[in-house]
Amino acid sequence: MDEQDKEEVGKVAGGLVGAMTGARIGSIVLPIPVVGPFAGALAGGVLGTEIGKRAGRVMIDTAEAAVAAILGRGDDLAPGPDRLRAIPPPRDLV
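Residues numbered from 1 in each chain as written. Predicted model: local features only at pLDDT ≥ 70, side-chain atom pairs only at ≥ 80, totals over all residues. Heavy atoms only, no water.

A.B. asks: Where do I start with the side chain of K6 in this structure?
C.D. replies: Structurally, K6 is set in helix α1 (residues 3–29). You can call K6 buried: its relative accessible area is 5%. Ignoring any residue separated from it by four or fewer positions in sequence, one finds K6 in contact with M1, G56, R57, I60, D61 and E64. (Helix = DSSP H or I, 4+ residues; strand = E, 2+ residues; numbered from the N terminus. Buried < 20%, exposed > 50% of the residue type's maximum accessible area, 1.4 Å probe, protein only. Contact = heavy atoms within 4.5 Å.)

Structure below.
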């Protein structure tokens, strides 16, 4: 996944979360039935898109690094199944 794809994913996710959160906040700030949620969703969507564009890359890079570490394909952060097989079994201390 290249940087532009990561940015697009972040924009979409941030826009959706921002719109939903903004609609809720807008309905509280402007208690007019349609106007408050619409204005809040519009503002939240724009703000969420901008934040998601920047944060999306960081979050996807972090998630990829975590998965690679768990599966043992990272920078030796976590042992993978192949490295565990290479550990000799313990000897009996008799």
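A.B. asks: Please explain the pattern of salt bridges as it appears in this structure.
C.D. replies: For the structure on display, the rule yields six salt bridges. With a closest N to O distance of 3.4 Å, K11 and E8 form a salt bridge. Of this pair, K11 and E8 are both found in helix α1, three residues apart, which corresponds to roughly one turn of the helix. Judged by its relative accessible area of 26%, K11 falls in the partly exposed class. Between E50 and K53 there is a salt bridge whose closest N-O contact spans 3.4 Å. Of this pair, E50 and K53 both sit in helix α2 (residues 35–71), three residues apart, which is roughly one turn of the helix. Where salt bridges share partners, they join E3, K6, D61 and E64 into one cluster. (Salt bridge = Lys/Arg side-chain N within 4 Å of Asp/Glu carboxyl O.)

A.B. asks: What is the right way to read α2 from this model?
C.D. replies: Helical geometry note: an α-helix holds 3.6 residues per turn, so side chains three or four residues apart project in the same direction. Along α2, the helix axis deviates most sharply at A55, where the bend reaches about 40°. Every buried residue belonging to α2 is among G36, G40, G44, G45, G48, G52, G56, I60 and A69, and all of these are buried. In this structure, the buried residues of α2 make contact with α1. Phi for G72, located one or two positions after α2, is positive at around 85°. (Bend = angle between axes of the 7 residues up to and from the residue.)

A.B. asks: What is the right way to read the packing of α1 against α2 from this model?
C.D. replies: A pair of packed helices is characterised by two quantities: the angle between their axes and the separation of those axes. At their nearest, the axes of α1 and α2 sit 4 Å apart, and the two run at 145° to each other. As for how α1 packs across α2, the hand of that crossing is right-handed. Split into classes, the residues belonging to the contact of α1 with α2 amount to six nonpolar, 15 polar and eight charged. (Axes fitted to C-alpha atoms, helices over the stretch in contact; angles between N-to-C directions. Left-handed = near helix turned anticlockwise from the far one by under 90°. Nonpolar A, V, L, I, M, F, W, Y, C, P; charged D, E, K, R; others polar.)

A.B. asks: Is there a simple way to explain the environment of L16 in this structure?
C.D. replies: Among the structural elements, L16 can be located in helix α1. Judged by relative accessible area, L16 falls into the exposed class, the value being 54%. A C-alpha to C-alpha distance of 9.6 Å links L16 and V46, two positions 30 residues apart in sequence.

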